[in-house]
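Architecture at a glance
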Amino acid sequence: MLQKEIETLRNDYSNEGINFESLPDEPHPLFSTWLDQAVSAGIPEPNAMIVATNDTKSEPSLRTVLMKSLDQSGLCFYTNYTSRKSIQLNQNPAISCLFPWLALHRQVSFQGKVRIVSAEQSKAYFHSRPRASQIGAWASRQSEPLTSRDELEKRFQKLEKRFEGREVPYPEFWGGFQVLPTRVEFWQGRNSRLHDRVVYSRPSQDQDWDVRLLNP
Ligand SMILES: Cc1cc2nc3c(=O)[nH]c(=O)nc-3n(C[C@H](O)[C@H](O)[C@H](O)COP(=O)(O)O)c2cc1C
């Protein structure tokens, strides 16, 4: 695509705004409503979020993961605990997550810290997954170099045989992180680039939320 064509890619957003009069005291109810609306709107992978972590030199990295649970205290995703993101989170638990619901001209971003989900919760979620995904978790040495696709598929087949006729055991190197937010921002695209932004913030996780509007 030509530079000129990229420059002209542009939409105006004629959405209804966020109702500032009826904002809840905490972000959870509004996020839950927006998630429902993203599902109803048929957004592909509405629970997909882009997650940013930092390495020891404070260099950020990004990837997409699936949010798998949500409550008042935060949201969870599952991954391999030896992956690049997990190593970074163990060194520095600071995290940012972004839900890019572009078809609704919306985004929600979370900032906070992670804690490791209890082994019981990770185990229960692991066993709720399709069998092939469970074996896939065992087969993948996530984020490590791979010599060939063949190497991965052979490892998967070996594991299929190893676990044949029995429950796939829970791999201790796999589980959840819970994101405990201290800042949640809702963004709704509006006309003339006069978008709505609402930010909830609190100094720490056990304090009350402050809510305010931001300039677009
Ligand atoms: C739609 C989508 C959903 C994904 N969901 C997950 C997930 O829930 N957990 C996960 O570990 N990786 C997931 N991935 C793969 C990650 O983006 C990433 O490649 C992988 O976790 C390794 O990241 P890392 O090397 O930074 O640790 C997903 C990718 C996409 C595109």
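Up top is the structure.
Summarised in this report is the structure supplied together with it.

Reading guide: rules and limits
Residues numbered from 1 in each chain as written. Predicted model: local features only at pLDDT ≥ 70, side-chain atom pairs only at ≥ 80, totals over all residues. Heavy atoms only, no water. Helix = DSSP H or I, 4+ residues; strand = E, 2+ residues; numbered from the N terminus. Buried < 20%, exposed > 50% of the residue type's maximum accessible area, 1.4 Å probe, protein only. Contact = heavy atoms within 4.5 Å. Areas by Shrake-Rupley, 256 points an atom, 1.4 Å probe, with all protein chains shown as cover. Lys, Arg positive; Asp, Glu negative; His and termini not counted. Charge placed at Lys NZ, Arg CZ, Asp CG, Glu CD. Core = buried A, V, L, I, M, F, W, Y, C linked by side-chain atoms within 4.5 Å. Polar contact = N/O pair within 3.5 Å; in protein donor to acceptor, adjacent residues only side chain to side chain. Phe/Tyr/Trp six-rings, centres within 6.5 Å; stacked < 30°, edge-to-face > 60°. Lys NZ or Arg CZ within 6 Å of the ring centre and 35° of its normal. Near = heavy atom within 4 Å. Nonpolar A, V, L, I, M, F, W, Y, C, P; charged D, E, K, R; others polar.

Structural notes on the overall build of the chain
Check the secondary structure of the chain and you find six helices and eight strands. The helix and strand sequence of the chain, counted from the amino end, reads α-α-β-β-β-α-β-β-α-α-α-β-β-β. Referenced to the eigenvectors of the C-alpha coordinate spread, the extents of the chain come out at roughly 60 × 50 × 40 Å. The buried share of the chain, reckoned over its 216 residues, is 37%. Considering only contacts within the chain whose residues lie at least 6 apart along the sequence, 63% involve residues at least 24 apart. When the accessible area of the chain is evaluated, it comes to approximately 13000 Å², of which 49% is carbon and sulfur surface. Put simply, the chain has 27 plus and 26 minus side-chain charges, and the middle of one group is 7 Å from the middle of the other.

Quick notes on the nonpolar core
Within the largest apolar cluster, 30 residues are counted, with the highest numbers of intra-cluster contacts made by Phe31, Met49, Leu75, Trp101 and Phe186. Mapped by element, the contributors of at least two residues to this core are helix H2 (27-40), strand E1 (48-54), strand E2 (60-71), strand E3 (74-80), strand E4 (94-101), strand E5 (106-116), strand E6 (174-188) and strand E7 (196-201). By residue number, the principal contributor to this core is H2, which donates five residues. With near-sequence residues (within four places) excluded, phenylalanine 186 lies in contact with Ile18, Pro27, Leu30, Phe31, Trp34, Gln107, Val108, Asp196, Arg197, Val198 and Tyr200. Counting 13 residues, the second largest nonpolar core, distinct from the first, contains Cys76, Val117, Phe163 and Trp174.

Brief notes about the side chain of asparagine 80
Along the chain, the position of asparagine 80 falls in strand E3. For asparagine 80, a relative accessible area of 4% gives the class buried. Here the side chain of asparagine 80 touches serine 140 through a polar contact of 3.3 Å, landing on its backbone oxygen. Residues contacting asparagine 80, with those up to four places away along its chain left out, are Ser86, Ser140, Gln142, Phe173 and Trp174.

A few points about the packing of aromatic side chains
Tallied over the entire structure, the rule returns 18 aromatic pairs. With a centroid separation of 5.5 Å and an interplanar angle of 15 degrees, the aromatic rings of tyrosine 78 and tryptophan 174 are classed as stacked. Of the two residues, tyrosine 78 is situated in strand E3 and tryptophan 174 in strand E6; the sequence distance between them amounts to 96 residues. Judged by relative accessible area, tryptophan 174 falls into the buried class, the value being 6%. Where phenylalanine 186 meets tyrosine 200, the ring centres are 5.9 Å apart and the plane angle is 75 degrees; that geometry is what we call edge-to-face. Placement of phenylalanine 186 in strand E6 and of tyrosine 200 in strand E7 is noted, with a sequence separation of 14 residues between them. Among the residues examined, tyrosine 200 registers a relative accessible area of 0% and is labelled buried. Here a set of aromatic residues connected by ring pairs shows up, and it is made of Tyr78, Tyr125, Phe126, Tyr170 and Trp174. In this structure, arginine 106 packs its charged tip against the face of tryptophan 34, placed 4.0 Å from the ring centre. A cation over a ring is seen here: arginine 162 above tryptophan 138, with NZ or CZ 5.6 Å from the ring centre.

What about the site of the ligand?
The local shell around the ligand consists of Arg63, Thr64, Val65, Leu66, Tyr78, Thr79, Ser83, Arg84, Lys85, Gln142 and Ser143. Threonine 79 places a polar side-chain atom, nitrogen or oxygen, 2.6 Å from an oxygen atom of the ligand. Note that an oxygen atom of the ligand is positioned 2.6 Å from one of the side-chain N or O atoms of lysine 85. Computed on the free molecule, the ligand has an accessible area of 620 Å², of which 64% lies beneath the protein chains in the complex. Within the residue set of the shell around the ligand, elements represented by two or more residues are E2, E3 and helix H3 (84-91). No other element matches the four residues that E2 contributes to the shell around the ligand. Each residue belonging to the shell around the ligand can be placed in one class, and the counts come to three nonpolar, five polar and three charged.

Taken by themselves, the reported measurements are silent on function.
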